[in-house]
Amino acid sequence: MAEILNKCPICGGRLEYSVLMQFTKDYQIKLNGKLAKNSRNSDVSPMECGFISCITCDFHTNCDLECEENHNIKIYQEDGVYMYEDER
Ligand SMILES: [Zn+2]
């Protein structure tokens, strides 16, 4: 039966959704072909990738919301709501 994923399916603890972010460090290439010492950071941008983890136990998903250690827990999003089915 599908339930709203508002707590950890394993221990009942709180869940977090972590968005992976990325930025680049940009170095100018100097006239001598070497990289300049100074760099600047590009804007931080999300990688369209995130995972859910429990702050209490080691329950976590990968970026496809698959539970690697608990394959019988299916997590998906429906109208922006995280749902899960526990087929254990
Ligand atoms: Zn947990």
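Scroll up for the structure.
Summarised in this report is the structure supplied together with it. (Residues numbered from 1 in each chain as written. Predicted model: local features only at pLDDT ≥ 70, side-chain atom pairs only at ≥ 80, totals over all residues.)

Re unusual backbone geometry
Excluding glycine, most residues fall at negative phi; most peptide bonds, likewise, are trans.
Reasoning step 1: In the Ramachandran plot, Glu-48 falls in the positive-phi region, its phi being about 55° despite a non-glycine side chain.
Reasoning step 2: Here Glu-48 lies in strand E5 (residues 45-54).
Reasoning step 3: Not every positive phi belongs to a glycine, and Asp-79 is a case in point at roughly 50°.
Reasoning step 4: Inspection of the secondary structure assignment puts Asp-79 in the loop between strand E6 (73-78) and strand E7 (81-86).
Reasoning step 5: By C-beta crowding, Asp-79 is classed as exposed, having 5 other C-beta atoms within 10 Å. (Helix = DSSP H or I, 4+ residues; strand = E, 2+ residues; numbered from the N terminus. Buried ≥ 20, exposed ≤ 12 C-beta atoms within 10 Å, placed from the backbone.)

Looking at the environment of Gln-22
Reasoning step 1: Topologically, Gln-22 is positioned in strand E2 (residues 15-22).
Reasoning step 2: Look at Gln-22 and you get exposed, because 11 C-beta atoms sit within 10 Å.
Reasoning step 3: Residues Gln-22 and Asn-41, spaced 19 residues apart in sequence, show a C-alpha to C-alpha distance of 10 Å.
Reasoning step 4: Ignoring sequence-local partners within four residues, the contact set of Gln-22 consists of Ser-45 and Met-47. (Contact = placed C-beta atoms within 7 Å.)

Here's the deal with the pairing of strand E3 (residues 25-29)
Reasoning step 1: Burial analysis of E3 places just 0 of its 5 residues in the buried class, which makes it a mostly uncovered element.
Reasoning step 2: Pairing geometry for E3 and strand E4 (residues 35-41), over 4 bridges, is antiparallel. In the sheet register, Asp-26 faces E4, and the bridge partner there is Arg-40.
Reasoning step 3: With antiparallel pairing between neighbouring strands as the criterion, E3 and E4 make up a hairpin whose turn holds 5 residues, including Gly-33 at a positive phi of roughly 85°. (Pairing = 2+ DSSP bridges.)

Considering the environment of Ser-18
Reasoning step 1: By secondary structure assignment, the location of Ser-18 is in strand E2.
Reasoning step 2: The exposure class assigned to Ser-18 is exposed, which follows from the 12 C-beta atoms found within 10 Å.
Reasoning step 3: Taking the C-alpha atoms as reference, Ser-18 lies 8.6 Å from Cys-49; in sequence the two are 31 residues apart.
Reasoning step 4: If we ignore the near neighbours within four places in the chain, the residues touching Ser-18 are Gly-50, Phe-51 and Ser-53.

Thoughts on the pairing of E6
Reasoning step 1: Little of E6 is tucked away: 0 of the 6 residues are buried.
Reasoning step 2: In this sheet, E7 lies alongside E6 in antiparallel orientation, the contact comprising 6 bridges. Each residue of the ladder has a partner; that of Lys-74, found in E7, is Glu-85.

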